[in-house]
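Spelled out from the first residue to the last, the chains are:
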Amino acid sequence: MADGIQNEAAPQLTSGYRAALQFGWSSCLPMMLQTEAGECGLACLAMVASYHGHDVDLAGLRRRFSTSLKGATLARVMAMAGQLGFACRPLKLDLADLDQLRTPCLLHWDLNHFVVLKRADRRRIVIHDPARGIRKLGWREVSEHFTGVALELTPGADFAPVHERQAVSLRALTGKVRGLIPALGQILLLALALEVFALAAPFYMQWVLDQVMVSADHDLLTLLGLGFMGIAVFSALITAARSWAVTWLGATLNVQWASNLFGHLMRLPLDWFEKRHVGDVVSRFGSIQTIQQTLTTQFIGSLLDGLMSLVTLVVMGFYSLWLTALVAALFLAYGLIRWAFFSPLRRANEEQIVCGARQQSELLESIRGAMPIKLANKQDERLSRYANATVSTVNRTIGIQRLGIAFTLSNQLMFGLGRVGMIWIAATLALKNAFSAGMLIAFIAYADQFTSRAAALIDKAVDFRMLKLHAERVADIALTAPEKRLDAAWNGPTPEASVELRHVSFRYAGGEPWILRNCNLKIEAGESMALIGPSGCGKSTLAKIVLGLLEPNEGEVLFGGIDIRKLGLDTYRQWIGAVMQDDQLFAGSIAENISFFDPQATSARIEAAAQLAAVHEDIAAMPMGYQSLVGDMGSSLSGGQKQRVILARAVYRRPKLLVLDEATSHLDVERERLVNEAVQQLWVTRIVIAHRPETMASANKIIVLKAGQTELTARRTNVRNG
């Protein structure tokens, strides 16, 4: 969302420009939900492009056109549409003229959002909202959101229909799974054994009615009873064994898949996290459990049972071809009904998941922001936001349940009437001596067995197709490329701790202004540099580039004269420590946070880092000392204590390069002086972002960041000798 609109003039809509001029494209307008918080414009372009035959998924467009959390202006959206081959026509129009637009087209919505107009008539309009799904709105509600600006897109001479969607496979989503093939083989053998017993069970009633009752043979009845009791016992034992095998497989898959996905998640670049709401990330990560449960909880058994039901159908054919044809027709009708309900059910599930993620984001944000909410007396407003998100989720859930009720009703009517007709026909055949009573009972048992298993097969096939919805959400994590050059192998000697930026330029997305432009600076090993400048000028961005958290669009960062991409980020980050503005502590003790849960940490090293950060006395005064818990993200500590513990964590690493972004902003002048003096005693190259004169005075160089470029304003010669 968060897309802006520029003030460039847009032509007025002419009254003669009617919907009758629309292109007669046969494609339907797809619904694509945005993944990143600021990519609604890109998602709208993807929908319109797909409608006209340029079928590229959102991930493909994202790789082609970079976006930022700030969204995109109308000019940026037009530029991206032009590169796709569209002729753009921006319009300013009144609400009453919406039905004259050439659809599908883009509407500017709520001053910070884009949606796609699908259809407008006298009663209502239909839009595809990349943040909320398909919406049907009355004109009064539209007037509250529409800003009066629209963008018509017409395929131009350069427009080329393509089909470029990234394939999503379970192997790509989950990674390698150990022990999968043997477990599946075991479940298959158990399922085959169960099928044999299931086929034999109906013969018991048939033989009792047709053989025992007619001849009054007690010995045969005893023999049949003992034989089928044995079958029942073995069937129960094998069912239990299969259930245990499926349970074990499910638990194994859950552990391995979740671990693989989380490992990949932790290797994604920083900007991936910054562009997404935390609730949406949690929701996407949770989709892996839905995939695992669907594939293991009775899925394999139902799949095998459904396939083996074909054998049951063949056995039924030996009883009566006409009755077998009736049962098969009921099965086909069930399949058609299930297929008819699939598309609306998938769309309803997708919207429900997105609304649920938004509800979760509202909850998490409110919990994290409890203090400012209370201070501003905004409890009621936050309640309203959460309640609205909850209502949206519940409405989608009700929609899913409504579809389920409609499907169940049609299913019960079809099978209920079909069963009555089947018994009627079978009984008629029995009255004509074409069927015996035992055959009637056995056939009905086989018919019930076939319909239940075949229907379960269709249900699982639909569930499997529905997994594509969750797979697409997980794919946003699993198929996103990790940080570039993370594991580059560096076998040379440890470089000296000098840092150099050569012609570095950076902006968060194409079409946005440059944050840094052609920056050049060099810090010798052991030097201390203070980076100053007005707020928002790009100091923290520059620090993230030095740390390898952001990759510059142009230029290079050198450590010891070697490009950090050649060193490999994993190797490079072993030599650096940092305290950033939004640094966090983690659940655990103070000692664990200082050592960052280092299993080989020693008390002496932890205490030395705390003393250097001037926080040792504060910790010693606590009842539990270094074993005191920090609370949720450091909630039990004051702002200054939290900042000094994070500083102790950075120095604990014994870095060669230390980057401090407002690291002492919460400290009083005296404690800041103590920290600066202690850090100066370390043989470490320092980059300090600060506004306080006391911190700037401790630096060898003072660099001013102005208009995206660096400028040396002061230099001192008190560089320490190693």
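Residues numbered from 1 in each chain as written. Predicted model: local features only at pLDDT ≥ 70, side-chain atom pairs only at ≥ 80, totals over all residues. Heavy atoms only, no water.

Undergrad: When you look at the pattern of salt bridges in this model, what are you seeing that I'm missing?
TA: Counted under the stated rule, the structure contains 28 salt bridges. The partner of R89 in a salt bridge is E152, and the shortest N-O contact between them spans 3.6 Å. Within this pair, whereas R89 is found in strand 2 (residues 86–92), its partner E152 is found in strand 7 (residues 146–155), the two being separated by 63 residues in sequence. In this structure, the salt-bridge partner of E351 is R396, at a minimum N-O distance of 3.6 Å. In this pair, E351 is assigned in helix 12 (residues 321–368) and R396 in helix 14 (residues 379–431), connecting sequence segments 45 residues apart. (Salt bridge = Lys/Arg side-chain N within 4 Å of Asp/Glu carboxyl O. Helix = DSSP H or I, 4+ residues; strand = E, 2+ residues; numbered from the N terminus.)

Undergrad: What's the story with the side chain of E527 in this structure? I'm lost.
TA: When you line up the elements, E527 lands in the loop between strand 10 (516–523) and strand 11 (528–532). Under the relative-accessibility criterion, E527 is labelled buried at 1%. (Buried < 20%, exposed > 50% of the residue type's maximum accessible area, 1.4 Å probe, protein only.)

Undergrad: It is not clear to me how the nonpolar core should be interpreted in this structure. Could you clarify?
TA: Soluble globular proteins tend to bury their nonpolar side chains together. If you look at the biggest cluster of nonpolar residues, it comprises 35 residues, and the most contacted ones within it are L501, L516, L542, V546, F559, Y572 and L657. Judged by nonpolar contacts, the second largest core, of 33 residues, contains L42, A49, L61 and F114. (Core = buried A, V, L, I, M, F, W, Y, C linked by side-chain atoms within 4.5 Å.)

Undergrad: What exactly am I supposed to notice about helix 3 (residues 74–83) here?
TA: Counting along an α-helix, one turn takes 3.6 residues, and residues three or four places apart therefore face a common direction. When we look at burial in helix 3, the residues that qualify are L74, R76, V77, M80 and A81. The arc that holds every buried residue of helix 3, seen down its axis, measures 160 degrees, which confines them to one face. Buried positions along helix 3 lie against helix 1 (40–51), strand 2, strand 3 (105–109), strand 4 (113–120) and strand 7. Just downstream of helix 3 lies G85, where phi reads positive at about 100 degrees. (Arc of directions from axis to C-beta. Contact = heavy atoms within 4.5 Å.)

Undergrad: What should I look at first to understand the packing of helix 12 against helix 14 in this one?
TA: A pair of packed helices can be characterised by two numbers: the angle between their axes and the separation between those axes. It is at 9 Å that the axes of helix 12 and helix 14 come closest, and there the two elements cross at 170 degrees. In this view, helix 12 runs roughly antiparallel relative to helix 14, as classed from their interaxial angle. (Axes fitted to C-alpha atoms, helices over the stretch in contact; angles between N-to-C directions. Parallel < 35°, antiparallel > 145°, perpendicular 65-115°, else oblique.)

Undergrad: Explain the environment of K656 to me, please; I cannot follow it from the model alone.
TA: Along the polypeptide, K656 turns up in the loop between helix 22 (639–652) and strand 15 (657–661). Linking K656 and A525, residues 131 residues apart in sequence, is a C-alpha distance of 8.5 Å. In contact with K656, other than residues within four places in its own chain, are T494, P495, A497, F559, W575, V684 and T685.

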